Amino acid sequence: MAAQRGVLFQEKVSRLLSSSSTAGPVLKPNKPLVLKDEVSNRRVKRGGASCVTEISVLMACWKQNSFVESVCSAEMKAFYSCVDEAKAAKKNTSELSGMQGERLPPKQATLLLKRFPNLRTEI
(Lines give C-alpha, C1' and ligand atoms only; values in the text may rest on other atoms or scores of the structure.)
Protein backbone atom coordinates (compact mmCIF):
# COMPACT_ATOMS: atom_id res chain seq x y z
CA MET A 1 0.00 0.00 0.00
CA ALA A 2 2.76 2.43 0.96
CA ALA A 3 4.81 1.46 -2.09
CA GLN A 4 1.83 2.15 -4.33
CA ARG A 5 1.41 5.60 -2.80
CA GLY A 6 5.10 6.29 -3.39
CA VAL A 7 4.79 5.37 -7.06
CA LEU A 8 1.70 7.53 -7.46
CA PHE A 9 3.48 10.44 -5.80
CA GLN A 10 6.49 10.07 -8.12
CA GLU A 11 4.21 9.99 -11.14
CA LYS A 12 2.43 13.13 -10.00
CA VAL A 13 5.70 14.98 -9.41
CA SER A 14 7.08 13.92 -12.80
CA ARG A 15 3.83 15.05 -14.47
CA LEU A 16 4.06 18.45 -12.76
CA LEU A 17 7.71 18.82 -13.77
CA SER A 18 7.26 17.75 -17.36
CA SER A 19 7.06 20.44 -19.96
CA SER A 20 4.70 18.43 -22.17
CA SER A 21 1.75 20.58 -21.17
CA THR A 22 1.17 23.74 -23.19
CA ALA A 23 1.72 26.08 -20.26
CA GLY A 24 5.09 24.55 -19.38
CA PRO A 25 6.06 22.92 -16.11
CA VAL A 26 4.05 23.84 -13.04
CA LEU A 27 7.01 23.43 -10.70
CA LYS A 28 10.44 24.81 -11.49
CA PRO A 29 12.99 23.41 -9.02
CA ASN A 30 15.97 25.61 -8.30
CA LYS A 31 18.13 22.60 -7.38
CA PRO A 32 18.31 19.12 -8.86
CA LEU A 33 15.78 16.74 -7.36
CA VAL A 34 18.27 14.13 -6.17
CA LEU A 35 19.43 13.24 -2.69
CA LYS A 36 22.95 14.06 -1.58
CA ASP A 37 25.44 11.41 -0.55
CA GLU A 38 25.97 13.02 2.84
CA VAL A 39 24.01 14.37 5.78
CA SER A 40 24.67 17.45 7.88
CA ASN A 41 27.08 16.80 10.71
CA ARG A 42 24.97 17.70 13.71
CA ARG A 43 25.65 16.71 17.25
CA VAL A 44 23.55 13.95 18.71
CA LYS A 45 21.35 15.31 21.47
CA ARG A 46 22.21 13.95 24.83
CA GLY A 47 19.74 13.08 27.55
CA GLY A 48 19.08 15.26 30.55
CA ALA A 49 21.45 15.50 33.48
CA SER A 50 21.07 12.88 36.17
CA CYS A 51 21.59 13.11 39.94
CA VAL A 52 21.00 16.87 39.99
CA THR A 53 19.00 16.77 43.22
CA GLU A 54 21.61 14.65 44.97
CA ILE A 55 24.47 16.96 44.07
CA SER A 56 22.46 20.03 45.08
CA VAL A 57 21.70 18.46 48.47
CA LEU A 58 25.40 17.63 48.85
CA MET A 59 26.47 21.18 48.00
CA ALA A 60 23.90 22.64 50.39
CA CYS A 61 25.24 20.38 53.14
CA TRP A 62 28.80 21.47 52.41
CA LYS A 63 27.79 25.12 52.52
CA GLN A 64 25.95 24.73 55.84
CA ASN A 65 28.85 22.87 57.44
CA SER A 66 31.74 25.02 56.14
CA PHE A 67 32.80 22.40 53.57
CA VAL A 68 33.57 19.70 56.11
CA GLU A 69 33.25 16.42 54.23
CA SER A 70 32.93 14.15 57.26
CA VAL A 71 29.62 15.76 58.28
CA CYS A 72 28.05 15.22 54.84
CA SER A 73 29.01 11.58 54.36
CA ALA A 74 25.40 10.40 53.98
CA GLU A 75 24.77 12.91 51.18
CA MET A 76 28.04 11.89 49.49
CA LYS A 77 27.03 8.22 49.61
CA ALA A 78 23.62 9.07 48.13
CA PHE A 79 25.27 11.05 45.32
CA TYR A 80 27.80 8.33 44.48
CA SER A 81 25.12 5.63 44.51
CA CYS A 82 23.02 7.76 42.15
CA VAL A 83 26.00 8.19 39.82
CA ASP A 84 26.63 4.43 39.83
CA GLU A 85 22.96 3.75 39.04
CA ALA A 86 23.01 6.28 36.20
CA LYS A 87 26.14 4.70 34.70
CA ALA A 88 24.61 1.23 34.92
CA ALA A 89 21.37 2.43 33.32
CA LYS A 90 23.27 4.12 30.49
CA LYS A 91 25.33 0.99 29.90
CA ASN A 92 22.19 -1.18 29.82
CA THR A 93 20.38 1.07 27.36
CA SER A 94 23.40 1.25 25.05
CA GLU A 95 23.73 -2.54 25.06
CA LEU A 96 20.02 -3.13 24.52
CA SER A 97 19.52 -0.60 21.76
CA GLY A 98 22.05 -2.03 19.30
CA MET A 99 20.81 0.55 16.76
CA GLN A 100 17.40 -1.11 16.58
CA GLY A 101 14.78 1.62 16.27
CA GLU A 102 17.37 4.32 16.84
CA ARG A 103 18.77 6.88 14.46
CA LEU A 104 22.20 6.50 12.96
CA PRO A 105 24.76 9.08 14.00
CA PRO A 106 25.46 11.58 11.19
CA LYS A 107 29.00 10.33 10.56
CA GLN A 108 27.83 6.75 10.20
CA ALA A 109 24.97 7.77 7.90
CA THR A 110 27.37 9.74 5.69
CA LEU A 111 29.76 6.80 5.59
CA LEU A 112 26.96 4.47 4.43
CA LEU A 113 25.67 6.98 1.86
CA LYS A 114 29.15 7.38 0.38
CA ARG A 115 29.59 3.61 0.25
CA PHE A 116 26.18 3.17 -1.44
CA PRO A 117 25.56 6.39 -3.38
CA ASN A 118 22.15 7.52 -4.64
CA LEU A 119 21.20 7.79 -8.28
CA ARG A 120 22.40 11.07 -9.80
CA THR A 121 19.51 11.52 -12.18
CA GLU A 122 16.27 13.33 -11.61
CA ILE A 123 12.87 11.67 -11.53
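Reading guide: rules and limits
- Residues numbered from 1 in each chain as written.
- Predicted model: local features only at pLDDT ≥ 70, side-chain atom pairs only at ≥ 80, totals over all residues.
- Heavy atoms only, no water.
- Disulfide = S-S within 2.5 Å.
- Helix = DSSP H or I, 4+ residues; strand = E, 2+ residues; numbered from the N terminus.
- Buried < 20%, exposed > 50% of the residue type's maximum accessible area, 1.4 Å probe, protein only.
- Contact = heavy atoms within 4.5 Å.
- Core = buried A, V, L, I, M, F, W, Y, C linked by side-chain atoms within 4.5 Å.

If you check an unreviewed UniProt entry, the chain appears there as Coiled-coil-helix-coiled-coil-helix domain-containing protein 1 from Gymnodraco acuticeps.

Summed over all chains, the structure comprises 2 disulfides. At a sulfur-sulfur separation of 2.0 Å, the disulfide partner of C51 is C82. Residues C51 and C82 share a disulfide whose torsion about the S-S bond is about -100°; that sign makes it left-handed. Of this pair, C51 sits in the loop between helix 1 (2-17) and helix 2 (52-64) while C82 sits in helix 3 (residues 73-97), and the two are 31 residues apart along the sequence. There is no split in this pair, since C51 and C82 are both buried. Through a disulfide, C61 is tied to C72; the S-S separation comes to 2.0 Å. Disulfide C61-C72: the torsion about the S-S bond is -95°, which places it as left-handed.

Turning our attention to unusual backbone geometry. For S66, which is not glycine, the phi torsion reads 55° and is therefore positive. With respect to the secondary-structure elements, S66 resides in the loop between helix 2 and helix 3.

Inspection of the secondary structure assignment puts T110 in helix 4 (residues 106-115). Apart from residues no more than four positions distant in its own chain, T110 is found in contact with D37, E38 and V39.

The subject of this paragraph is the nonpolar core. With 7 residues, the main nonpolar core is built from C51, L58, C61, C72, M76, F79 and C82. If you list the elements that add at least two residues to this core, you get helix 2 and helix 3. Ranked by residue count, the leading element in this core is helix 3, at 3 residues. With sequence-adjacent residues up to four places away left out, C61 is seen in contact with C72 and E75.

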